[in-house]
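Summary of structural features
Below are the chains, spelled out letter by letter.
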Amino acid sequence: ERDPEWGVSHFLEHMVFKGTADIGGDEINRRFDALGASANAFTSEEDTVYYATVLPERQAEAVDLLARMMRPALRAADFDTEKLVILEEIRMYDDQPPFGADERCRAAYFGSHPLARSVLGTVESIGALPVEAMRDYHRRRYAPESMVLAAAGVVDFPALVARARRLCGDWEPQAAPSRLAPAPTAPARGDSCEHVVRPAAALAYATRLSPGPDERHADRYAAKLVATVLGDGSGSRLYWELVDPGVAEQATLHHLDFLDAGLFTTQLSCDAADAADLLERIRDIYAAAARDGIGAREFEQARNKLAGRVVLAGEQPRRRLFEVGGEWAHAGEYRSVADSLAIVDALTRDDLERVLATWNLAGPAATVVAGPET
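Residues numbered from 1 in each chain as written. Predicted model: local features only at pLDDT ≥ 70, side-chain atom pairs only at ≥ 80, totals over all residues. Heavy atoms only, no water.

1. With respect to the overall build of the protein
For clarity, the threshold we go by: Numbering of helices and strands runs from the N terminus; a helix is a DSSP stretch of H or I covering at least four residues, while a strand is a stretch of E covering at least two. Using C-alpha atoms as the atom set, the radius of gyration is obtained and then compared with a globule rule of 2.2 Å times the number of residues to the power 0.38. Only protein chains enter the accessibility calculation, which uses a 1.4 Å probe; a residue whose area is less than 20% of its type maximum is buried, one above 50% is exposed, and one in between is partly exposed. By definition in these notes, contact holds between two residues if any of their heavy atoms fall within 4.5 Å.
For the protein, the count of helices and strands is 15 helices and seven strands. In terms of C-alpha radius of gyration, the protein reaches 22 Å, essentially the compact-globule figure of 21 Å for 374 residues. Along the three orthogonal principal directions, the C-alpha set of the protein runs to about 60 × 45 × 35 Å. Expressed as a percentage of the 374 residues in the protein, the buried residues total 45%. Long-range contacts, defined as pairs at least 24 residues apart, comprise 79% of the intrachain contacts of the protein with a sequence gap of at least 6.

2. Observations concerning a nonpolar patch on the surface
Selection criterion: Note on patches: the residues involved have over 30% relative accessible area and no salt bridge, like charges join within 9 Å, and the nonpolar side chains Val, Leu, Ile, Met, Phe, Trp and Tyr join within 5 Å. For every accessible area listed, the method is Shrake-Rupley and the probe measures 1.4 Å; residues are considered covered only by the protein chains on display. The working definition used for a salt bridge is a side-chain nitrogen of Lys or Arg within 4 Å of a carboxyl oxygen of Asp or Glu.
A surface patch of nonpolar side chains, amounting to about 340 Å² of accessible area, comprises V148, W328 and Y334. Take W328: it is sitting in helix 13 (residues 317-331).

3. With respect to the pattern of salt bridges
Within this structure, the stated rule accounts for 33 salt bridges. A salt bridge links D136 to R139, with the nearest nitrogen and oxygen atoms 2.9 Å apart. Highlighted residues: D136 and R139, both in helix 7 (residues 131-141), separated by three residues, approximately one helical turn. Of the residues examined, D136 reaches a relative accessible area of 28% and is grouped as partly exposed. Accessibility expressed as a relative area gives 38% for R139, which makes it partly exposed.

4. Side note on the packing of helix 2 (residues 25-35) against helix 3 (residues 59-69)
What counts here: Axis definition: a line fitted to C-alpha atoms, over the contacting stretch in the case of helices. Angles run 0 to 180 degrees between N-to-C directions. For classification, angles of less than 35 degrees are called roughly parallel, those exceeding 145 degrees roughly antiparallel, those between 65 and 115 degrees roughly perpendicular, and all remaining angles oblique. Crossing handedness follows the turn of the near helix against the far one: under a right angle anticlockwise gives a left-handed crossing, and clockwise gives a right-handed one.
Two numbers describe how helix 2 lies on helix 3: the axes approach to 11 Å, and their chain directions differ by 165 degrees. On the basis of their axis angle, the class for helix 2 and helix 3 is roughly antiparallel. The element helix 2 and its partner helix 3 pack so that their crossing is left-handed. The residues of helix 3 that touch helix 2, namely those facing I28, R31, F32 and L35, are E61, A62, L65, L66 and M69.

5. Concerning the side chain of R335
Quick note on the threshold: By the criterion applied in these results, polar contacts are pairs of N or O atoms within 3.5 Å in which, for protein atoms, one can donate a hydrogen and the other can accept it, and in which residues neighboring in sequence qualify only through two side-chain atoms.
By the secondary structure assignment, R335 is in the loop between helix 13 and helix 14 (337-346). For R335, a relative accessible area of 17% puts it in the buried group. Reaching out from R335, the side chain makes a polar contact with the side chain of E327 at a distance of 3.1 Å. Separated by 2.7 Å, the side chains of R335 and S340 make a polar contact. Excluding its chain neighbours within four sequence positions, the residues that come into contact with R335 are R220, Y221, R320, E323, E327, S340 and I343.

6. Some words on the packing of aromatic side chains
Selection rule: Here a pair means two rings of Phe, Tyr or Trp (six-membered ring of Trp) with centres within 6.5 Å. Their orientation is stacked below 30 degrees between planes, edge-to-face above 60, and tilted elsewhere. Only Lys NZ and Arg CZ are tested; either one counts as a charge over a ring when it is within 6 Å of the ring centre and within 35 degrees of the ring normal.
Tallied over the entire structure, the rule returns nine aromatic pairs. Seen from their ring centres, Y51 and F322 are 5.2 Å apart, and the 75 degrees between their planes marks the pair as edge-to-face. Highlighted residues: Y51 in strand 2 (residues 48-53) and F322 in helix 13, separated in sequence by 271 residues. Aromatic side chains Y109 and F110 sit 4.9 Å apart centroid to centroid with 70 degrees between the ring planes, which places their arrangement in the edge-to-face category. Each member of the pair, Y109 together with F110, is buried. Positioned above the aromatic ring of W171 is the side chain of R71, whose terminal nitrogen or guanidinium carbon lies 3.9 Å from the ring centre.

7. Quick notes on unusual backbone geometry
Trans is the common state for peptide bonds, and a negative phi is the common state for residues other than glycine. Note the cis peptide between P97 and P98, where omega equals 0 degrees. The residue P98 is located in the loop between helix 4 (76-94) and helix 5 (101-110) in this model. Unlike most non-glycine residues, L74 shows phi in positive territory, near 50 degrees. Residue position: L74 is located in the loop between helix 3 and helix 4. By relative accessible area, L74 is classed as buried at 4%. One non-glycine residue, F99, lies in the positive phi region at around 60 degrees. Note on placement: F99 falls in the loop between helix 4 and helix 5.

8. Concerning the nonpolar core
The condition is simple: Buried Ala, Val, Leu, Ile, Met, Phe, Trp, Tyr and Cys residues form a nonpolar core when they are joined through side-chain atoms within 4.5 Å.
Of all hydrophobic cores here, the largest spans 39 residues; its most connected members are L230 and L268. Listed by contribution, the elements that provide at least two residues to this core are strand 4 (204-212), helix 9 (220-231), helix 10 (237-243), strand 5 (250-257), strand 6 (262-270), helix 11 (275-292), helix 12 (296-315) and helix 15 (349-358). Each residue touching L230, except ones within four places of it in the same chain, is listed here: S236, R237, L238, L253, Y286, A289, L356 and L361. Counting 30 residues, the second largest nonpolar core, distinct from the first, contains M15, V16, L35 and M134.

9. What about the sheet that holds strand 4?
The cut-off we apply is this: Note on pairing: DSSP must find at least two bridges between two strands before they are called paired.
Spatially, 3-7-4-6-5 is the arrangement adopted by the five strands of the open sheet, whose pairing is mixed. Each edge of the sheet is formed by a strand with only one pairing partner; in this case those strands are strand 3 (192-197) and strand 5. Sheet twist, expressed as the mean angle between neighbouring strand axes with direction ignored, is 15 degrees. As paired elements, strand 4 and strand 7 (residues 366-371) share five bridges and run antiparallel to each other.

In structure tokens form, the structure reads like this:
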């Protein structure tokens, strides 16, 4: 999104469900209901995804409805009404845990990079957005070169391709814009900590971001295993050190990989008076891992856990759908469950220790703490 379009992708996701030139929004919902479909959409930092889960015999009808929706009417009256919904969503998000700490931390880390922006936009950017800008954005981005049709489960693939050609073959081509932008390899403001006071909060919520490998980096999978060892929701070092003894309500580490940036993100929720000390303890845990390495037992446990999740995701059609669609949209590649499992099986302790040596988890980070004043 360009600066004047901040938040338009998510806003447009809402508008797609408001109807086409010949199908109203209510009718779209009724048709999905008649199909017995589970249908929805979401917008992340890099993609908007529309999906419907239906019985195999309903495949053609589901594809037909989704294809029609991709050419919405974008009526001015619907735009004005839905803008109020988006503005309320922005305000609501800021008023509930973690009180916007994630977005503020992303802004502190990325600075002027587009990933610094909240997916929702701001009250100011959405309030100033005209319907003409959304129509132009839709014309440029909802084009054949920028869209992927993916399916998972019991799929009649030749019929899927044939129907897509019939329904979408006359869509206007548009040059696909670059999805890459040079991203910072360290926090934009160096090591920083911002406090957001929310007097009504019962706990403090902290987000901490530090550099990691991006989506195109060979170490992205090793980074995910590092995060599993150190900060998985159960059985990790953060869990045993902070959560199991009741020192913190939550303490996790995740690896996020975007097309042009990678992050290790730490999430902490605890008593406000303990937040500063626990963030230092977390830093010490990361430093100890880099200094002393990963033990054989915890490595095997984490690798087995990650492998189990890969297989389980492959057994669930919707999760498999998002994985297949995402890989194709970002890299133009298809990776089977067996391929993913082979990557996990091939990881070694040396790979994890290389990640810990390359990306200093205990080093400079952007941190935001939201909660009551202490």
